[in-house]
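# Tertiary structure, described
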Amino acid sequence: MLTNSAIQYIAKSVLPPLLPSSTKGSSGHLLVIGGSPHYNGAPVYSALSALRTGVDLVSLITLDDSTASVIKSKSNEIMCRSIESSLLPNTTHPQLEAAIFAESSRPYDAVVIGPGLGRRDIVKNLVHTVVTYCEAHKITCVIDADGIWALLSLSRNPSGSHTVLTPNIGEFCRIAQSVNVEVDYDFLSRGEEASGEEKRRVAVLAIDAVQRKLNVGAIVLKGYADLVCVTPTDADAGENVLFECTPCPPINLKRCGGIGDVLSGAIGAFLAFENCKCRRGGRRDESKGNDDAAESEFGKLDKGGGFGFGCWAACHLVKRASGEAFEERGRGMSADDVLSRISGVVKSFDDSVL
């Protein structure tokens, strides 16, 4: 487990500065694509999580006019619109691309696709169009939930170095099967009887093998401890960067729906921050000080570039928020309780860097 000073140091490397000269968008613009008539809450969790993490602007695109109306009633902060009128049977990829990206007056710093999207055939075309566009324009694309299902349904996988996958164990096993990597689902999905070093060893070997086959930017395997595998930014660096985000006290023991959506929004936020950092021309502060633990972990994460910092920071953020929510609510905890604590945890990061 990292020391508090190491955590603060890494957070200092990720969070964008808040300055008198900051403008709307200086801390990023995230696009969330998701939602359907039956699952309109998932994209809202992702969008609000990103806002609570500190992104300035969040746009949300959904496929249905009715879903957009429901989402607009849930939040005044989310800029939501539907592309239902563009979803004709003969809609081409360029037309779908234009409906999503050309209509925005502000460029997106990152994209999250999948939360609550559903499993209609159009979703496959949508995911193919979005991922292809993001790879071509070097926009980080986080694929979660139904987005992963759609990706696995495509005859040609368009994902690449700008793609981040965020599967749970079931989704991860299906991804592994699609690239002919054997994974013992029964073993990895067990509870405490399968915990410990052996379970971690099996998971590490599996995620590393899948990452090598897919060659995506990063895979975040969600669980009690989140396991992150990142492709090194230096082509000559060789092996993938693997690290674990373990829970820190207080520890959450409740697995309620919506926390994965909160995490995907937080990952999208931190990766949007990374793009903002690139626009500024570097991290806020490269000084490592005298903290050996921080410097060591910094060096490991830094091999994965912004993906390493962003994915780890988001996982740690949601683990802490979940733990605080569980400590207060116990088994009655919900994703709303986690969401309400996101900004407080981020502020604790900021208190050490502002």
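Here's what I pulled together on the structure shown here. Source: prediction; values computed, not measured.

## So, the overall build of the protein chain
- If you tally the helices and strands in the protein chain, you get 13 helices and nine strands.
- Looking at the protein chain as a whole, 55% of its 354 residues are labelled buried.
- In the protein chain, the share of contacts with a sequence separation of at least 24, taken over all contacts with a separation of at least 6, comes to 71%.
- Looking at the protein chain as shown, the accessible area adds up to about 15500 Å², and 48% of this sits on carbon and sulfur atoms.

## Points about the side chain of E171
- Structurally, E171 is set in helix 7 (residues 169-178).
- Sequence-distant contacts of E171, that is, excluding residues within four places in its chain, are made with A145, I148 and T166.

## Details of the pattern of salt bridges
- Summed over all chains, the structure comprises 12 salt bridges.
- The partner of K124 in a salt bridge is D121, with the nearest N and O atoms 3.8 Å apart. Of this pair, K124 and D121 are both found in helix 5 (residues 121-137), three residues apart, which corresponds to roughly one turn of the helix.
- On the accessibility criterion, D121 (59% relative accessible area) is exposed.
- A salt bridge links D144 to K222, with the nearest nitrogen and oxygen atoms 3.1 Å apart. Of this pair, D144 sits in the loop between strand 5 (140-143) and helix 6 (146-153) while K222 sits in the loop between strand 7 (218-221) and strand 8 (226-230), placing them 78 residues apart in sequence.
- Looking at D144, the relative accessible area reads 1%, which means it is buried.

## Description of the nonpolar core
- With 61 residues, the main nonpolar core has L30, V55, V58, I78, V164, I267 and F270 as its most contacted residues.
- In this structure, I83, L117, L154 and I169 belong to the second largest nonpolar core, which totals 50 residues.

## Things to note about helix 7
- Across the 10 residues of helix 7, seven count as buried, placing the element largely inside the fold.
- For helix 7, the set of buried residues is I169, G170, E171, F172, C173, I175 and A176.
- Elements that come into contact with the buried residues of helix 7 comprise helix 6, strand 6 (163-165), helix 8 (185-188), helix 9 (197-214) and strand 7.
- Backbone nitrogen of G170 and a side-chain oxygen of the N-cap are separated by 3.2 Å at the start of helix 7; the cap is N168.

## Some points on the state of the cysteines
- Applying the stated criterion across every chain, the model contains zero disulfides.
- Unpaired in this structure, C245 has its nearest cysteine sulfur neighbour in C315, at a distance of 5.2 Å.
- According to the relative accessible area criterion, C245 is buried, its value standing at 2%.

## As for the packing of aromatic side chains
- Overall, the coordinates contain three aromatic pairs when judged by the stated rule.
- Residues F101 and Y108 carry aromatic rings whose centres are separated by 6.2 Å and whose planes lie at 70° to one another, so their mutual orientation is edge-to-face. The two residues F101 and Y108 agree in class, both being buried.
- Seen in terms of ring centroids, F101 and Y133 are 3.8 Å apart; in terms of plane orientation they differ by 15°. Their pairing is stacked. Linking F101 in helix 4 (residues 93-102) with Y133 in helix 5, this pair joins segments that are 32 residues apart in sequence. Accessibility assignment for this pair places F101 and Y133 in one class, buried.
- Clustering of aromatic rings is evident, with ring pairs tying together F101, Y108 and Y133.

## Re the side chain of N40
- With respect to the secondary-structure elements, N40 resides in the loop between strand 1 (29-33) and helix 2 (42-53).
- By relative accessible area, which is 19% here, N40 ends up buried.
- Ignoring any residue separated from it by four or fewer positions in sequence, one finds N40 in contact with T67, V70, I71 and K74.

What counts and how
Residues numbered from 1 in each chain as written. Predicted model: local features only at pLDDT ≥ 70, side-chain atom pairs only at ≥ 80, totals over all residues. Heavy atoms only, no water. Helix = DSSP H or I, 4+ residues; strand = E, 2+ residues; numbered from the N terminus. Buried < 20%, exposed > 50% of the residue type's maximum accessible area, 1.4 Å probe, protein only. Contact = heavy atoms within 4.5 Å. Areas by Shrake-Rupley, 256 points an atom, 1.4 Å probe, with all protein chains shown as cover. Salt bridge = Lys/Arg side-chain N within 4 Å of Asp/Glu carboxyl O. Core = buried A, V, L, I, M, F, W, Y, C linked by side-chain atoms within 4.5 Å. Polar contact = N/O pair within 3.5 Å; in protein donor to acceptor, adjacent residues only side chain to side chain. Disulfide = S-S within 2.5 Å. Phe/Tyr/Trp six-rings, centres within 6.5 Å; stacked < 30°, edge-to-face > 60°.

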